[in-house]
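So you can see what is in the structure, the chains are spelled out below.
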Amino acid sequence: MRLFEWVVPLLLGSITIQKTYAKSNEYQPEVNKIKTKSTLKISPFDDSTTLLRIEDNHLVISEDNGATWNNVKDVKDEISWIEIDPFNNKGRAFVTVKGEINYYMTNNMGKKWTHLNINGPKDKEPVICDLKTHPFKQEYLMVSCVLCPRHEKGDIPDYQNCDSFVTVSKDQGKSFNEVNLPGKDKKKHSDNHDQFSIFKATSCEFAKINKDSKLAIDDSTIICNEFQEALSDEEDHDHMAPIFDMNSKLYYTNDFGKNVQEFDKFKDMTVSSFRVLESYIVVITQDDSHNKFSPRRIWVSNDAKSFTEAYVPSQIRYETTGFMFEDNLGRIILPISRSNENDNNDNNDKHNRRKQKKTFSEVYISDSTGTKFSLLDSTTSRGHGMTCLLYTSPSPR
């Protein structure tokens, strides 16, 4: 059995790569040390000796567990990020071209790279982009970006005029089709928008998370939550500043963006987030779009057509979907990060506002239908801190 470990101790430092060979009781580590100026991480392919990293904004590869490194001739652009495909981690990887909506892809552990033909807007540049792959349809790809007007190096991007860009491919990146969401050109702005920061973004997911998905929907289904938040300028746009207004819609497409429809159930609601699980699609709505502390409601579906409101024994007022997961019994685990921001009446006192950011946690667990939650007893104490819930999840298949 051959294993490896990698360590990046310091920027402008060195990398130590350890190969371990285990034969019965033998332990014979082989250590390679290389100097680096800019490597932040090393990306390994599964069950191989092939590694990728970025050096001076260029892609380099090793096929001997880091003993030797070579430039990748197929990728001539400057690179900002490397991502090994979690569903095809024995051979496929993507690299992001610095400052552009461009990617290169390999399907054979870096031996050959092809450029993905994404025809994005030229008048804006990406602040952040995310490429997603399908768990079992290798030909399906999705890229979502937040694009802002181009600006000079060193200047702050004009976040007030940023937009979302989502595009999908069904032929492994040979061609892409933009997902035009119905609300994209119908944004709602505050009458006093000069006094607020407008944040716009779109979150899209394939509606199947693995081969064992129990959802009765098409493999090509994509769900998108498009939202806009208006934040007050108080405390230099601090992320805890109160939300003035939130405008949010939930859409889906079954044909790679040619036809995009809003979920009828949520047309008159403010969707704060959603989560795709193996057996459920979970949508969380916010009762008052003008108050970020207004109660949330949880909706659960197994076919993306009918949604049932879930019972929760107490009001939920804080976002937690990023930590939601489903256990192997089909129960939804919902951690809640609570804040005491509203407990102090002197909201103008900065010392008190800093104190208000302290949090503590609760964890709710559903029944096997996903529609009835109860509080996990071991998390009911009200001490400050954070509850860490550990679980074992199978690797993507």
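Residues numbered from 1 in each chain as written. Predicted model: local features only at pLDDT ≥ 70, side-chain atom pairs only at ≥ 80, totals over all residues. Heavy atoms only, no water.

A. Structural view of the state of the cysteines. In the structure shown here, the tally under the stated rule is three disulfides. Bridging Cys129 to Cys145, the disulfide has an S-S length of 2.0 Å. The chirality of the disulfide connecting Cys129 with Cys145 is right-handed, given an S-S dihedral of about 110°. Taken together, the residues Cys129 in strand E12 (residues 124-133) and Cys145 in strand E13 (residues 141-149) connect sequence positions 16 residues apart. Across a sulfur-sulfur distance of 1.8 Å, Cys148 and Cys162 are joined as a disulfide pair. Judged by the torsion about the S-S bond (100°), the Cys148/Cys162 disulfide is right-handed. With a gap of 14 residues between them, Cys148 in strand E13 and Cys162 in the loop between E13 and strand E14 (163-169) connect regions that are remote in the sequence. (Disulfide = S-S within 2.5 Å. Helix = DSSP H or I, 4+ residues; strand = E, 2+ residues; numbered from the N terminus.)

B. The environment of Lys170, seen in detail. Relative to the elements of secondary structure, Lys170 occurs in the loop between E14 and strand E15 (177-178). Expressed as a C-alpha distance, the spacing of Lys170 and Phe256, which sit 86 residues apart in the sequence, is 7.6 Å. Setting aside anything within four residues of it in sequence, one finds Lys170 in contact with Glu139, Tyr140, Phe256 and Lys258. (Contact = heavy atoms within 4.5 Å.)

C. Representation of the sheet that holds strand E23 (residues 308-309). Pairing is antiparallel across the open sheet formed by four strands, whose spatial order is E20-E21-E22-E23. The open sheet has two free edges, formed respectively by strand E20 (270-276) and E23, since each of these has just one partner strand. Relative to E23, strand E22 (residues 296-301) runs antiparallel, the two being bridged by two bridges. Paired with Trp299 across the two strands is Glu309, which belongs to E23. (Pairing = 2+ DSSP bridges.)

D. Focus on the environment of Lys90. Relative to the helices and strands, Lys90 resides in the loop between strand E8 (79-84) and strand E9 (93-97). C-alpha separation for the pair Lys90 and Thr50, spaced 40 residues apart in sequence, amounts to 9.8 Å. Once residues within four sequence positions are removed from consideration, Lys90 is found in contact with Phe45, Asp46, Asp47 and Met109. Within the local environment of Lys90, its side chain forms a polar contact with the side chain of Asp46, the two groups lying 3.1 Å apart. (Polar contact = N/O pair within 3.5 Å; in protein donor to acceptor, adjacent residues only side chain to side chain.)

E. Spatial organisation of the sheet that holds E13. Taken in spatial order, the four strands of this open sheet run E12-E13-E14-E15, and their pairing is antiparallel. The open sheet has two edge strands, E12 and E15, and neither has a second partner. Sheet analysis places E12 next to E13, joined by nine bridges and oriented antiparallel. Along E13, the bridge assignment pairs Thr133 with Leu141.

F. Quick look at unusual backbone geometry. Phi is positive for Asn65, close to 60°, though the residue is something other than glycine. Take Asn65: it is sitting in the loop between strand E6 (58-62) and strand E7 (70-71). Note on Asn65: relative accessible area 1%, which makes it buried. The phi dihedral of Phe256 is positive, around 60°, even though this residue is not glycine. Residue position: Phe256 is located in the loop between strand E18 (243-253) and strand E19 (261-262). (Buried < 20%, exposed > 50% of the residue type's maximum accessible area, 1.4 Å probe, protein only.)

G. Representation of the packing of aromatic side chains in the model. With the rule as written, the count across this model stands at seven aromatic pairs. Measuring from centroid to centroid gives 4.8 Å for Tyr252 and Phe263, while their planes differ by 50°, and the two rings are tilted. One end of the pair, Tyr252, is in strand E18; the other, Phe263, is in the loop between E19 and E20, and 11 residues separate them in sequence. Residue class for Phe263 comes out buried when judged on its relative accessible area of 4%. Ring centres 6.5 Å apart and planes at 70° place the aromatic pair Phe263 and Phe266 in the edge-to-face group. Each member of the pair, Phe263 as well as Phe266, carries the same accessibility label: buried. Cluster of aromatic residues (ring-pair linked, three or more members): Tyr252, Phe263, Phe266, Trp299 and Phe307. Directly above the ring of Trp69 sits Arg53, whose terminal nitrogen or CZ lies 4.4 Å from the centroid. (Phe/Tyr/Trp six-rings, centres within 6.5 Å; stacked < 30°, edge-to-face > 60°. Lys NZ or Arg CZ within 6 Å of the ring centre and 35° of its normal.)

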